[in-house]
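Examining the three-dimensional arrangement
Next come the chains, spelled out residue by residue.
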Amino acid sequence: MTLLPMVVSLATQILITVAVMVVIAMTVGIRGALSGVTSPYLLEQEILDAVMGSMTMILLLYHVLALVGFGVWYYLGCGRPKPGKPGRVFSGRALPVTILIGLFMCISATAFLSAAQYIVPEMIEQYEEMMELAGLGTDLLAILASVLIAPIGEELLCRGLTFHYAWKVVEGMPNRRAAFWIANSFQALMFGIMHGNLVQGSYAFAMGLGLGWLRWRYNSLYPSMLAHFIVNFSSTVFVGFLFYIIPENLAVYTLMTVVGIVFILLVMKWDRKKEPE
């Protein structure tokens, strides 16, 4: 069961992509037949161009289905959990802690990507081409999917379902903190794998650890959802401007990555007043 949510997620992405490709192929084929276009090469090229142009729609469809499907699964499969009132969840230090962790996660991830340009430039170039293909940062639908919908659906999937099942495996351990970090590391690993590439997967794993801690610390998905939203919103809207005004070199980007992680750990320590229930 710990693996099943990610398997369902990947299968859903594949099925949506195949369905869109079939519809596009049928549409292009009918249009070509009506207009007298019989060249297989021209039809194939038109199909490929149409599929590439539909990546944003595929992304949006997946995130909408994931939000609904994993939301129902989480509610029915995890004991009908009560999310609690946001005002109560974010009382005390919870809100500033969540905001600060989200911002420092975004800064660290962006700095990590910038540093990686000097270490593995070809891999970063492929990653940027993939992001451009999906329309992230430029296309309104892609921004809607990645900033508003993805933080909810992915939190339900990873910090909700995957963590729930992983915790069931280890909850009998005498050391509760060790049990948490085992379950948390597993859901973070699944979070990294589901991104489908080494670049995103690397920093997604690290982010998953922090998001899992927020979910555990406050016994609610609201903080991890908010922090996830802050990361995606900041990286899409304004954090990039920060990197225009700092020196462009590996040392600076590495330092920013490390400093961001250190600040996250300090914020976590600042709020460790007691063990969460």
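Source: prediction; values computed, not measured.

About the cut-offs
Residues numbered from 1 in each chain as written. Predicted model: local features only at pLDDT ≥ 70, side-chain atom pairs only at ≥ 80, totals over all residues. Heavy atoms only, no water. Helix = DSSP H or I, 4+ residues; strand = E, 2+ residues; numbered from the N terminus. Rg over C-alpha atoms; globule rule 2.2 N^0.38 Å. Buried < 20%, exposed > 50% of the residue type's maximum accessible area, 1.4 Å probe, protein only. Contact = heavy atoms within 4.5 Å. Lys, Arg positive; Asp, Glu negative; His and termini not counted. Charge placed at Lys NZ, Arg CZ, Asp CG, Glu CD. Polar contact = N/O pair within 3.5 Å; in protein donor to acceptor, adjacent residues only side chain to side chain. Salt bridge = Lys/Arg side-chain N within 4 Å of Asp/Glu carboxyl O. Core = buried A, V, L, I, M, F, W, Y, C linked by side-chain atoms within 4.5 Å. Disulfide = S-S within 2.5 Å. Axes fitted to C-alpha atoms, helices over the stretch in contact; angles between N-to-C directions. Parallel < 35°, antiparallel > 145°, perpendicular 65-115°, else oblique. Left-handed = near helix turned anticlockwise from the far one by under 90°. Nonpolar A, V, L, I, M, F, W, Y, C, P; charged D, E, K, R; others polar. pLDDT = per-residue confidence, 0-100.

**With respect to the overall build of the protein**
The helix and strand inventory of the protein stands at 12 helices and 0 strands. Starting at the N terminus, the α and β elements of the protein follow one another as α-α-α-α-α-α-α-α-α-α-α-α. For 277 residues, the compact-globule formula gives about 19 Å, and the C-alpha radius of gyration of the protein, at 21 Å, lands near that figure. Every one of the 277 residues in the protein was classed for burial, and the buried ones make up 43%. Restricting the contact set of the protein to residue pairs at least 6 apart, pairs at least 24 apart contribute 79%. Positive and negative charge centroids in the protein, built from 16 and 16 side chains respectively, lie 26 Å apart.

**Things to note about the side chain of S234**
With respect to the element layout, S234 can be found in helix α10 (residues 222-237). By relative accessible area, S234 is classed as buried at 2%. A polar contact of 2.6 Å, which involves the side chain of S234, links it to the backbone oxygen of I230. For S234, the contacting residues outside a window of four places in its chain are L103, C106 and V239.

**Description of the pattern of salt bridges**
What the rule picks out here adds up to 3 salt bridges. R159 serves as the salt-bridge partner of E155, at 2.6 Å between the closest nitrogen and oxygen. On the criterion of helical spacing, the pair formed by E155 and R159 is a turn pair, its members being 4 residues apart in helix α7 (residues 140-170). In this pair, the class of E155 matches that of R159, namely buried.

**Focus: the side chain of E154**
Note that E154 resides in helix α7. The side chain of E154 sits in the buried core without any salt bridge; R159 is the nearest counter-charge, 5.7 Å away. At 3.2 Å, the side chain of E154 forms a polar contact with the side chain of H228. Setting aside residues no more than four positions away along its own chain, E154 makes contact with H63, R159, F191, M194, H195 and H228.

**Some points on the nonpolar core**
By size, the foremost hydrophobic cluster in this structure holds 65 residues, and its most contacted members are I101, W213 and L214. Per element, the largest residue contribution to this core is 11 residues, and it comes from helix α5 (residues 94-119).

**Considering the state of the cysteines**
Cysteine pairs can be linked by a disulfide, which is a covalent bond between their two sulfur atoms. Enumeration over the complete set of coordinates arrives at 0 disulfides. Considering cysteine sulfurs only, C158 is the nearest to C78, which forms no disulfide, with 13 Å between them. The buried category is assigned to C158, whose relative accessible area is 1%.

**Some thoughts on the packing of α7 against α10**
Orientation of α7 relative to α10, taken along the N-to-C sense of each, is 150°, at an axis distance of 9 Å. Between α7 and α10, the angle is such that the two are roughly antiparallel. The crossing of α7 and α10 is right-handed. Side by side, α7 and α10 meet where I143, S146, V147, L148, A150, P151, I152, E154, E155, L156 and R159 of the first sit next to S224, M225, H228, F229, N232, F233 and T236 of the second. When grouped by side-chain class, the residues that make up the contact of α7 with α10 number 10 nonpolar, 5 polar and 3 charged.

**As for the confidence of the model for the protein**
A residue-level look at the protein finds 95% of positions with pLDDT of 70 or above and a mean pLDDT of 89. The secondary structure element of the protein with the lowest average pLDDT is helix α11 (residues 239-242), at 73, and the one with the highest is helix α8 (residues 176-193), at 96.

**Here we look at the packing of α7 against α8**
Axis separation between α7 and α8 bottoms out at 8 Å; the angle between their running directions is 140°. Put simply, α7 runs oblique to α8. Handedness of the α7/α8 crossing: right-handed. Residue-level inspection shows E154, C158, R159, T162, F163, A166, W167 and V170 of α7 in contact with α8, the latter providing R176, A179, F180, I182, A183, N184, F186, Q187, M190 and F191. The class makeup of the residues in the contact of α7 with α8 is 12 nonpolar, 3 polar and 3 charged.

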